[in-house]
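Structural features, examined
Each chain, written out:
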Amino acid sequence: MDFSWPEEYTTFKQSVIQFAQEALNDDLISRDHEGQFNRNNWEKCAEFGIQGLAAPKAYGGREPEINMLKSMLAMEGLGYGCHDNGLALALNAQMWTVQLPIAHFGSKEQKKKFLPGMADGSFIGCHAVTEPEAGSDIYSMQMTATKVDGGYKLDGSKRLITFAPIADMALVFASVNPEMGKWGITAFLVETNTPGVDASPVRSKMGMRTVPIGELEFKDCHVPEEARLGSEGAGFSIMNHTLEFDRCCILASQLGAMERQLEDTIDFAKKRKQFGQPIGKFQSVSNRIADMKLRLETSRLLLYKVAWLKDAGESAMIEAAMLKLHLGESFVESSLDAVRCRGGNGFLTEFEVERDLRDSVGSVLYAGTSDIQRNIIASLLGL
Ligand SMILES: Cc1cc2nc3c(=O)[nH]c(=O)nc-3n(C[C@H](O)[C@H](O)[C@H](O)COP(=O)(O)OP(=O)(O)OC[C@H]3O[C@@H](n4cnc5c(N)ncnc54)[C@H](O)[C@@H]3O)c2cc1C
């Protein structure tokens, strides 16, 4: 077994870290406080080539084909260098749940229409699955797509959608025949300036405040036949494919954030003295730091294995669920440990560890809650 990386990949990761450290951390405490998304930083990421990692070169991407191993390493580097977890979530959400399914399932025209703009940062896409009455039980969705002359009429609402308030387009799932259950689910690429689409933001949220999240309402919304992604009823397979990649990739940047958190915590534990010695000499503190390191390395092994499987074109259903579960829970635990290790300073906004803790909680909820990941693992074990 060879755990080494091609030099080109590690060099690229280093360049991503340097870019993120220099370009993406400005004014973060106040942006988090105000709940502001920084479009300029989004465009800087595109100019550097981050969004381009999730599109083939022919459609504005970086590489001839999407390279999962290189991309995961780069997104880890982004999370290490960029302290803005909201921006990292926004990037990963668009790249892996909008760009990737379009690259996989889209027609030439659809790829040409959407991918270059998403890769160059001028166009924003969101992935709209969750509904008021269909969260974890997503296949019970109620949104409908009624066949009309030349296309479909969409009716229904989606909630908790990353980027909904400012997205230019949405990858939306709706049923063409509710009686067929999940086999009626169909995917659509809908521009949000289409009459009958209404977007609204959530008022305030616990974390990830620098990325807008909100609702999309579809009422008598007519879309042409060409807006359909894949065939009628293919939405179930497209959604499954996308959700597997979502679980694989959505937390890659959080791994980098965990490494940054660990290094900062070690540094603090060496410098802060109580009872005449550095607090890192107290086993209660060093045990916490040892646990942070263990969570980081076990999460890393799972992420790299999943990236390797997807790069080889293999299924990674159970591995992706284990990764999502372990990395999400680990980020919450380690963020809390980082706060504990700093004592009262950990509670103060200016020390920037409480923000990671607030941001981390979403990772056990989106892309399927930890309970749902456990259910997937158990069912794949035949239980
Ligand atoms: C920051 C953030 C970003 C998001 N971005 C998006 C996005 O871009 N697009 C999108 O479509 N959605 C998005 N979501 C929504 C997210 O995917 C859902 O919140 C999630 O799937 C859970 O659905 P729910 O909130 O309706 O909770 P529910 O499904 O109502 O769950 C409530 C509780 O019941 C538990 N539960 C439910 N069913 C089971 C079961 N069978 N077994 C065990 N426990 C169960 C859950 O684990 C949870 O603890 C986002 C959410 C957050 C927080």
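Residues numbered from 1 in each chain as written. Predicted model: local features only at pLDDT ≥ 70, side-chain atom pairs only at ≥ 80, totals over all residues.

1. Some details on the overall build of the protein chain
Per the secondary structure count, the protein chain includes 12 helices and 10 strands. Relative to the compact-globule value of 21 Å for 383 residues, the protein chain shows a C-alpha radius of gyration of 21 Å, a close match. Viewed in the frame of its principal axes, the protein chain has a C-alpha envelope of about 80 × 45 × 45 Å. Once local pairs closer than 6 in sequence are excluded, the contacts in the protein chain between residues at least 24 apart make up 75%. (Helix = DSSP H or I, 4+ residues; strand = E, 2+ residues; numbered from the N terminus. Rg over C-alpha atoms; globule rule 2.2 N^0.38 Å. Contact = placed C-beta atoms within 7 Å.)

2. Focus: the domain arrangement of the protein chain
In terms of domain boundaries, the protein chain breaks down into domain 1 (7-124), domain 2 (127-233) and domain 3 (251-380). Each of domain 2 and domain 3 was reduced to a C-alpha centroid, and the two centroids are 32 Å apart. The interface is formed by 4 residues belonging to domain 2 together with 6 residues belonging to domain 3. A class-by-class count of the residues in the side of domain 2 that touches domain 3 yields 2 nonpolar, 2 polar and no charged. (Domains from an automatic or database assignment. Nonpolar A, V, L, I, M, F, W, Y, C, P; charged D, E, K, R; others polar.)

3. Some remarks on the site of the ligand
By nearness alone, 21 residues border the ligand, and Val129, Gly135, Ser136, Thr369 and Asp371 come closest of all. Within the residue set of the shell around the ligand, elements represented by two or more residues are β1 (125-128), β3 (151-162) and α12 (370-380). Across the shell around the ligand, the residue classes tally to 11 nonpolar, 9 polar and 1 charged. Two domains share the shell around the ligand, each providing at least three of its residues, namely domain 2 (127-233) and domain 3 (251-380). (Near = placed C-beta within 6 Å.)

4. Considerations on helix α5 (residues 85-105)
Taking 1.5 Å per residue, 21 residues should reach 30 Å; α5 reaches 29 Å between its end C-alpha atoms and fits that length. α5 sits mainly inside the fold: 19 of its 21 residues count as buried. (Expected span 1.5 Å × (residues − 1). Buried ≥ 20, exposed ≤ 12 C-beta atoms within 10 Å, placed from the backbone.)

5. Some words on the environment of Arg340
One can find Arg340 in helix α10 (residues 317-341). A count of 14 C-beta atoms within 10 Å places Arg340 in the partly exposed class. Spatially, the C-alpha atom of Arg340 lies 36 Å from that of Glu43, the residues being 297 residues apart in sequence. Setting aside residues no more than four positions away along its own chain, Arg340 makes contact with Arg288 and Gly346.

6. Structural notes on the packing of α5 against helix α7 (residues 235-249)
The N-to-C vectors of α5 and α7 enclose an angle of 140°; their axes lie 10 Å apart at closest approach. In terms of orientation, α5 and α7 fall into the oblique class. Here α5 runs over α7; the crossing is right-handed. Contacts from Asn92, Trp96, Thr97, Leu100, Pro101, His104 and Phe105 in α5 reach Ile238, His241, Thr242, Phe245, Asp246 and Cys249 in α7. Partitioned by chemical class, the residues of the contact of α5 with α7 number 7 nonpolar, 5 polar and 1 charged. (Axes fitted to C-alpha atoms, helices over the stretch in contact; angles between N-to-C directions. Parallel < 35°, antiparallel > 145°, perpendicular 65-115°, else oblique. Left-handed = near helix turned anticlockwise from the far one by under 90°.)

7. Details of the nonpolar core
Formed by 103 residues in total, the largest nonpolar core has its most connected members in Leu154, Phe188 and Val190. Counting residues per element, this core draws most heavily on α5, which supplies 12 residues. The contacts of Phe188, once residues within four sequence positions are left out, are Ala145, Leu154, Val172, Ala174, Val223, Ala227, Arg228 and Leu229. Counting residues in hydrophobic clusters, the runner-up holds 7 residues, among them Phe268, Val285, Val339 and Cys341. (Core = buried A, V, L, I, M, F, W, Y, C linked by C-beta atoms within 7 Å.)

8. Here's the deal with the pairing of strand β4 (residues 169-175)
Among the 7 residues that make up β4, 7 are buried, leaving the element largely enclosed by the rest of the structure. Burial of the side chains of β4 extends over both faces: Met169, Leu171, Phe173 and Ser175 are buried on one face and Ala170, Val172 and Ala174 on the other. As paired strands, β1 and β4 are joined by 4 bridges and run parallel to one another. Considered in β4, the bridge of His127 is made with Leu171. One ladder, built from 7 bridges, connects β4 with strand β5 (residues 185-191); its direction is antiparallel. Bridge pairing in β5 links Val172 to Phe188. (Pairing = 2+ DSSP bridges.)

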